[in-house]
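Residues per chain, in single letters:
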Amino acid sequence: MSSLGSEGVLAGMTDDNLCMEIDPPLTDDYATTEDWRWALGKVVPSVVVLRTTICRTFDTEAAGASQATGFVVDKHRGIILTNRHVVKPGPLMAEAMFVNREEIPVYPVYRDPVHDFGFFRYEPSAVQFLDYDEIPLAPEAARVGLEIRVVGNDSGEKVSILAGTLARLDRDAPLYKKDGYNDFNTFYIQVTAASGTKGGSSGSPVIDRQGRAVALNAGGRTSTASAFFLPLERVVRALAILQKGNDSVTNKASIPRGTLQATFLHKGFDETRRLGLRSKTEQVVRNASPPAETGMLVVDSVVPYGPADKRLEPGAADKRLEPGDVLVCLNGEVTTQFLKMESLLDDSVDCKVELQIERGGKPLTLTLTVQDLHSVTPDHFLEVGGAVIHPLSYQQARNFHFQCGLVYVADQGYLLSRAGVPRHAVIKKFAGEDITRLEDFVSVLSKLSRGVRVPLEYISYKDRHRRKSAIVTIDRHEWYAPPELYTRNDSSGLWTIRPALPPESPLLSPPLTNTVADLSAASVLLHDFSLQEPRQERDNRDNAVPERVIEPSLVMLEVHVPLSCMLDGVNSKHFSGTGVIVYHSQNMGLIAVDKNTVVVSVSDVMLSFAAYPIEIPGEVVFLHPVHNFAFVAYDPSALGPGASLVRAAQLLPEPALCRGDSVYLVGLSKSLQATSRKSFVTDPSAVLDIGSSHSPRYRATNMEVIELDSDFGSKFSGVLADELGRVHAIWGSFSNYVKYNSSSSEGQHQFVRGIPIYAISQILDKIVSGADTGPVRLVNGIKRNMPLVRILEVELFPTLLSKARSFGLSDTSIQALVNKDPIRRQVLRVKGCLAGSKAENVLEQGDMFLAINKDPVTCFRHIEDACQQLDRCNQTNGVLTLTIFRQGREIEVAVGTDVRDGSGTTRMINWGGCVVQDTHSAVRALGFLPQAGHGVYVVKWCHGSPGNRYGLYGTQWIVQVNGKPTPDLDAFSAVTKEIEHGEFVRLNTIYLSGKPRVLTLKQDLHYWPTWELRFDPETAMWRRTTIKALESSIV
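Residues numbered from 1 in each chain as written. Predicted model: local features only at pLDDT ≥ 70, side-chain atom pairs only at ≥ 80, totals over all residues. Heavy atoms only, no water.

### A closer look at the sheet that holds strand 7 (residues 118-121)
Then, in step 1: Strand order in the closed barrel formed by six strands is 2-3-4-7-6-5, and the pairing between neighbours is antiparallel. Direction aside, neighbouring strands of the sheet carry axes that sit 40° apart on average.
Then, in step 2: Two elements, strand 5 (residues 92-97) and strand 6 (residues 103-111), share four bridges in a ladder whose sense is antiparallel. Bridge pairing in strand 6 places M97 opposite E103.
Then, in step 3: Helix 3 (residues 233-244) contacts strand 3 (64-74), strand 4 (79-82), strand 6 and strand 7 of the sheet and is inclined by roughly 35° relative to strand 7. (Pairing = 2+ DSSP bridges. Helix = DSSP H or I, 4+ residues; strand = E, 2+ residues; numbered from the N terminus. Axes fitted to C-alpha atoms, helices over the stretch in contact; angles between N-to-C directions. Contact = heavy atoms within 4.5 Å.)

### A word on the packing of helix 3 against helix 6 (residues 338-346)
Then, in step 1: As a packed pair, helix 3 and helix 6 sit with axes 11 Å apart at the nearest point and diverge in direction by 25°. Here helix 3 is positioned roughly parallel relative to helix 6, judged by the angle of their axes. For the pair formed by helix 3 and helix 6, the contact residues are E233, R234 and R237 on the first element and L339, E342, S343 and D346 on the second.
Then, in step 2: Across the contact of helix 3 with helix 6, the residue classes tally to one nonpolar, one polar and five charged. (Parallel < 35°, antiparallel > 145°, perpendicular 65-115°, else oblique. Nonpolar A, V, L, I, M, F, W, Y, C, P; charged D, E, K, R; others polar.)

### Regarding the environment of L438
Then, in step 1: Residue position: L438 is located in helix 9 (residues 438-445).
Then, in step 2: Along the chain, L438 and L382 lie 56 residues apart, while their C-alpha atoms are 8.1 Å from each other.
Then, in step 3: Discounting chain neighbours no more than four positions away, the residues touching L438 are H380, L382, I389, H390, P391, V407 and L485.

### Overview of the pairing of strand 3
Within a regular strand, side chains alternate between the sheet's two faces.
Then, in step 1: Within strand 3, nine of the eleven residues are buried, which leaves it mostly tucked inside the rest of the structure.
Then, in step 2: As defined by bridge partners, strand 2 (residues 47-54) adjoins strand 3 across eight bridges and the pair is classed as antiparallel. In the sheet register, V49 faces strand 3, and the bridge partner there is T69.
Then, in step 3: Bridging between strand 3 and strand 4 involves three bridges; their strand directions are antiparallel. Bridged to F71 within strand 4 is L81. (Buried < 20%, exposed > 50% of the residue type's maximum accessible area, 1.4 Å probe, protein only.)

### A short note on the packing of aromatic side chains
Then, in step 1: Taken as a whole and judged by the stated rule, the model has 27 aromatic pairs.
Then, in step 2: Taking 5.3 Å as the distance between ring centres and 45° as the angle between the ring planes, the aromatic pair formed by F98 and Y132 counts as tilted. With a gap of 34 residues between them, F98 in the loop between strand 5 and strand 6 and Y132 in the loop between strand 7 and strand 8 (147-152) connect regions that are remote in the sequence. We note that F98, like Y132, is buried.
Then, in step 3: For the ring pair F928 and W957, a centre distance of 5.7 Å and an interplane angle of 70° mean the geometry is edge-to-face. Of this pair, F928 sits in the loop between helix 16 (921-924) and strand 55 (936-941) while W957 is found in strand 56 (residues 956-961), placing the two residues 29 residues apart along the sequence.
Then, in step 4: Residue F928 is classed as partly exposed on the basis of its relative accessible area of 26%.
Then, in step 5: Classification of W957 by relative accessible area gives buried; the value is 0%.
Then, in step 6: Three or more aromatic residues joined by ring pairs make a cluster, and in this case those are F58, F381, Y486 and W495.
Then, in step 7: Sitting above the plane of the Y132 ring, K75 keeps its charged end 5.0 Å from the centroid.
Then, in step 8: The lysine or arginine in question, R1024, covers the ring of W1011, its NZ or CZ lying 3.7 Å from the ring centre. (Phe/Tyr/Trp six-rings, centres within 6.5 Å; stacked < 30°, edge-to-face > 60°. Lys NZ or Arg CZ within 6 Å of the ring centre and 35° of its normal.)

### Focus: the environment of N596
Then, in step 1: Structurally, N596 can be placed in the loop between strand 33 (589-593) and strand 34 (604-609).
Then, in step 2: Of the residues examined, N596 reaches a relative accessible area of 14% and is grouped as buried.
Then, in step 3: Residues N596 and R699, 103 residues apart in the sequence, show an inter-C-alpha distance of 8.9 Å.
Then, in step 4: Within polar-contact distance, the side chain of N596 engages the side chain of S735 at 2.9 Å. (Polar contact = N/O pair within 3.5 Å; in protein donor to acceptor, adjacent residues only side chain to side chain.)

### Some points on unusual backbone geometry
Then, in step 1: The step from E654 to P655 runs through a cis peptide bond, and the omega angle for that step is -5°.
Then, in step 2: Along the chain, P655 falls in the loop between strand 36 (630-634) and strand 37 (662-668).
Then, in step 3: One non-glycine residue, D568, adopts positive backbone phi at about 55°.
Then, in step 4: The topology assignment puts D568 in the loop between strand 31 (554-560) and strand 32 (574-584).

### Some points on the pattern of salt bridges
Then, in step 1: On inspection of all chains with the given rule, the structure shows 62 salt bridges.
Then, in step 2: D74 is the salt-bridge partner of R77, the closest N and O atoms lying 2.8 Å from each other.
Then, in step 3: In this structure R77 comes out as partly exposed when scored by relative accessible area, which is 29%.
Then, in step 4: With relative accessibility at 3%, the residue D74 sits in the buried group. (Salt bridge = Lys/Arg side-chain N within 4 Å of Asp/Glu carboxyl O.)

Shown next as structure tokens:
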């Protein structure tokens, strides 16, 4: 397996193993230890560690942070040589660290479109405390048997020196990935060493005993101790052109590169004869070539519609190159080596060249125009909804056998991943219009409004012969910045950013309120749907009646969470499940669903109704802070004629189900067909015990659920109903987090249980009546008071009374609990208090709950009822009098309760590519908060961001920035607003374990401006506001 050095092991293909074992010949210039000591002493100060941050996925490279190596080749102009896959084709920020740990910023000045080399530049005066020299390039010194040293940053070490011997100078270019960067049309040098080069060694100089670089380390084979080096002939040419123009020559056109968009391989004479090469032609070639020549160049592939592929011209077969063609002469000269062919093409950009080839023994002469290689190497892209779209590069066109310049999806982002469009897709049609260039896509995008849904057609290299279609939804909420165009500028080393759409574009005008997009087209399409067509009943089934009654109330929910704002530890970007309509009127509909489907309020919800074939958006309006259910609202008018077919289910909170009761499990299949079965309750009050995940997220606690003897599997959700179709419970989804062996990785185990309808019914009544004094928010254009929930923020677990007796609980207390609940025979014990709750400093782990206000308690509902009684009695202090058993004594304590709303997290700040929010309840449930003002909680970081580069990962608090406390988001916003672009910031953080840490981070406002996302209850919209950008403008 071959790999790029700085990227670790990359999935690729198996290379040929035709590598001869060659013993190094004895030479007169045998290097002694002293020779190498002298050479390394000269070279090491000129070798730098490169720390790169790829800010956006682009072309062949994904966003992220990595380490590599480079070395100074021009001290006076400040030029560092490294690999192309280190310089990267896309937006990048980088620093170089010298051997004395001096760090300086470096900027990309050139990356070769094909070969694996590129250059960074730096300001020479920035290196103040190191005496170093430049390393001369000597490609002519490379020869089989040469003893070499590879000096670089191997496996993360600052300086690593590996010894080896050049074993082969004509190795095929290694194939790293089928859908990523690969070098071609060149030989590589192979080395045998005691150990191969590893991650971080890319760009290392391969030096001889005189301290000259004879090759450039590029990759290695993970299965053997061998590495692959790039010859330096083309590097020397490119460097000379840069040096000739001095500092003013810093753009791509300064280094001419030509191409025919054809890939050649060097094949031995025996193979060329099998391909049809005539004997007399072979003789001519041998006579005109050096004695050591072993073969000829053969066409391996041709990019469609490129200069070498004239398929649209009459008689194109004899005018174009085809795989298997053997190259004999180029412009009248016998050409058997890559270097000679490339030199001629680079000197003939936009000119015609004559190729003499043989195809199956038939000689042909072709005249082709050499294309500017830079013209098929994209230097701009569109970013929209997190997606990165740009013209298809020559690199990927060659990999996928597509035409260059097509509209290529480098990163789906949220916009396209939500529609199911994969990475590497090529867009062919958008909103009904053909797309051949990026400008076409931008033009169509500029005509669209927020919230509209339009079709998109694409092809994929994995299924290239069939077009696929998807529905793209333009974001209603401001999850992302408006579409922007990025253009590379090698003069500054940065990519310039400008708006992609004209100011009058409707997409730039966000809706004033959260309203449903115009669905008149959908209504027309469904106009002929028979509203009165009776459903064919199956009377021979026991479950026919409840299924028929419940079906008009069932809804399939598709929930998508934007990648830019995955709050509260949410671990996935897509969820789906079945909900039930619990309220349906002329101006509002409400759906109850589990929180494993609707995880956070910052999400897009699409609803598909079983009663009527239509899909409309919904809005999360309530997330219960404890129980596993949420409410999603929809606009009944958006259903059109289907509004009369949809109806709310009849809820039956009382009486509670008992063991042995028969119920009907009714839900929806993936095809929106009602599915049901009769089951029996095996446990109506099973207690959940769900452990915390590595990254804290919602988990159901203090809940009793219903278990059945049989169901439809762990992914089937719906409702539990009686024989008349009245709903006893939601059959909802839960998640448990399972650790794998002793490793830190974990998996998510999904299961389903019944959620009693009583709590759902209580919250529903409050929402519909609007009598609660909770926060006001807009729901379908009407302002409503949303409920507040009074809770005791304590995690409890049941203990059998037989076990409680062993702890010393008295017979009198046990008998009182048995009399209260002869079935459960349990006592509730404290597992832990939520950090920051009113109960935190009153209750202790292990306390047993005996009574509330002298009334025995045996289950979670008793505590909930007591909390609600406080609200009914208008007790503003919200204190419960608990009788508890602690350390052998029964005592009474006054415990305060907390009031929570159902809004969930409604505000976040993205700083340095990190998602920062207030501490959410799943983190508080761990029982720890930093002492000094708590701090703001980092929940996620983005690939290619400063947070990624400097290690500001999730699951930690930022408590100070540059010595200033940041107890909340307001303080954090105020402090970070003072920090300018390029400044280093000192952060004091605390992990979930309580371990403190200090780190520094360099602010990048160019690619990662600071912005805030906040829910506006007046308009029911999520609004995005820029806090600080590169121009220091505050919107």
